[in-house]
Amino acid sequence: MGELDDTTLKLYYFYGLWVGDGFCTKNGNSYDIYMSIGKDEKELAEFYDEIVYELFDRKCIHIHKQTEQSRRFTNKDLFLKLKSMFGSSAYNKRIPDEIKSLPYNHRRAFL
């Protein structure tokens, strides 16, 4: 497995961002995926919005707080995948062996 196509690269990058600063919650029938981004990280926030739209065909809801600008979108299949692969909160997240054993280029995109 050599070079990554653009979509796969963005997917692993999304996973890495989410593991670092994201979490999932279920509200009734809503499977919410959140990402916390620093209030001054405008470019990262815009990039995150773009990859969520490109990868999952979802638009993020922007939640502006005093010290951060959170993003939220809903996607049941992705919610379940993130939760099973990585955990759902800061207290139980993990990097699975399947990520750790990927070729270097894939792991680099994740990081």
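Structure's up top.
Before going into details, it helps to say that this report is about the structure given with it. (Residues numbered from 1 in each chain as written. Predicted model: local features only at pLDDT ≥ 70, side-chain atom pairs only at ≥ 80, totals over all residues. Heavy atoms only, no water.)

## Here's the deal with the packing of aromatic side chains
At step 1: All chains considered together, the criterion is met by 12 aromatic pairs.
At step 2: With 5.0 Å between their ring centres and 65 degrees between their planes, Phe-14 and Phe-56 make a pair best called edge-to-face. Taken together, the positions of Phe-14 in helix H1 (residues 6-21) and Phe-56 in helix H2 (residues 42-56) put the pair 42 residues apart, joining distant regions of the chain. Residues Phe-14 and Phe-56 agree in their burial class; the two are buried.
At step 3: An aromatic cluster is present here, built from Tyr-12, Phe-14, Tyr-15, Trp-18, Tyr-48, Phe-56, Phe-73, Phe-86 and Phe-110 joined pairwise through their rings.
At step 4: When the ring centre of Trp-18 is taken as origin, the NZ or CZ atom of Lys-93, which lies over that ring, is 4.7 Å away. (Phe/Tyr/Trp six-rings, centres within 6.5 Å; stacked < 30°, edge-to-face > 60°. Helix = DSSP H or I, 4+ residues; strand = E, 2+ residues; numbered from the N terminus. Buried < 20%, exposed > 50% of the residue type's maximum accessible area, 1.4 Å probe, protein only. Lys NZ or Arg CZ within 6 Å of the ring centre and 35° of its normal.)

## As for the sheet that holds strand E2 (residues 30-35)
At step 1: Ordered by their spatial adjacency, four strands build an open sheet running E1-E2-E4-E3, and the pairing between neighbours is antiparallel. The open sheet has two free edges, formed respectively by strand E1 (22-27) and strand E3 (61-64), since each of these has just one partner strand. Adjacent strand axes in the sheet meet at a mean angle of 25 degrees, parallel and antiparallel pairs treated alike.
At step 2: Across four bridges, E2 lies against strand E4 (residues 69-74) in antiparallel orientation. From the neighbouring strand, Met-35 faces E4, where its bridge partner is Arg-71.
At step 3: Of the strands in this sheet, E2, E3 and E4 are in contact with H2, which crosses E4 at around 5 degrees.
At step 4: The strands touched by helix H3 (residues 76-86) within the sheet are E1, E2 and E4, with E2 carrying the most contacts at an inclination of about 65 degrees. (Pairing = 2+ DSSP bridges. Axes fitted to C-alpha atoms, helices over the stretch in contact; angles between N-to-C directions. Contact = heavy atoms within 4.5 Å.)

## Things to note about unusual backbone geometry
The phi angle of most residues is negative, glycine excepted, and most peptide bonds adopt the trans form.
At step 1: Phi is positive for Asp-57, close to 55 degrees, though the residue is something other than glycine.
At step 2: Secondary-structure assignment places Asp-57 in the loop between H2 and E3.

## Describing the environment of Glu-41
At step 1: In this structure, Glu-41 sits in the loop between E2 and H2.
At step 2: The exposure class of Glu-41 is partly exposed, given its relative accessible area of 38%.
At step 3: In sequence terms Glu-41 and Gln-69 are 28 residues apart; their C-alpha atoms lie 8.5 Å from each other.
At step 4: Within the local environment of Glu-41, its side chain forms a polar contact with the backbone nitrogen of Gly-38, the two atoms lying 2.9 Å apart. (Polar contact = N/O pair within 3.5 Å; in protein donor to acceptor, adjacent residues only side chain to side chain.)

## Some words on the side chain of Arg-71
At step 1: Looking at the secondary structure, you find Arg-71 in strand E4.
At step 2: Classification of Arg-71 as buried rests on a relative accessible area of 3%.
At step 3: Contacts of Arg-71, omitting those with residues within four sequence positions, involve Ile-33, Tyr-34, Met-35, Ile-37, Ala-45, Tyr-48, Asp-49, Cys-60, Ile-61 and His-62.

Function cannot be inferred from these measures alone, as they are strictly geometric.
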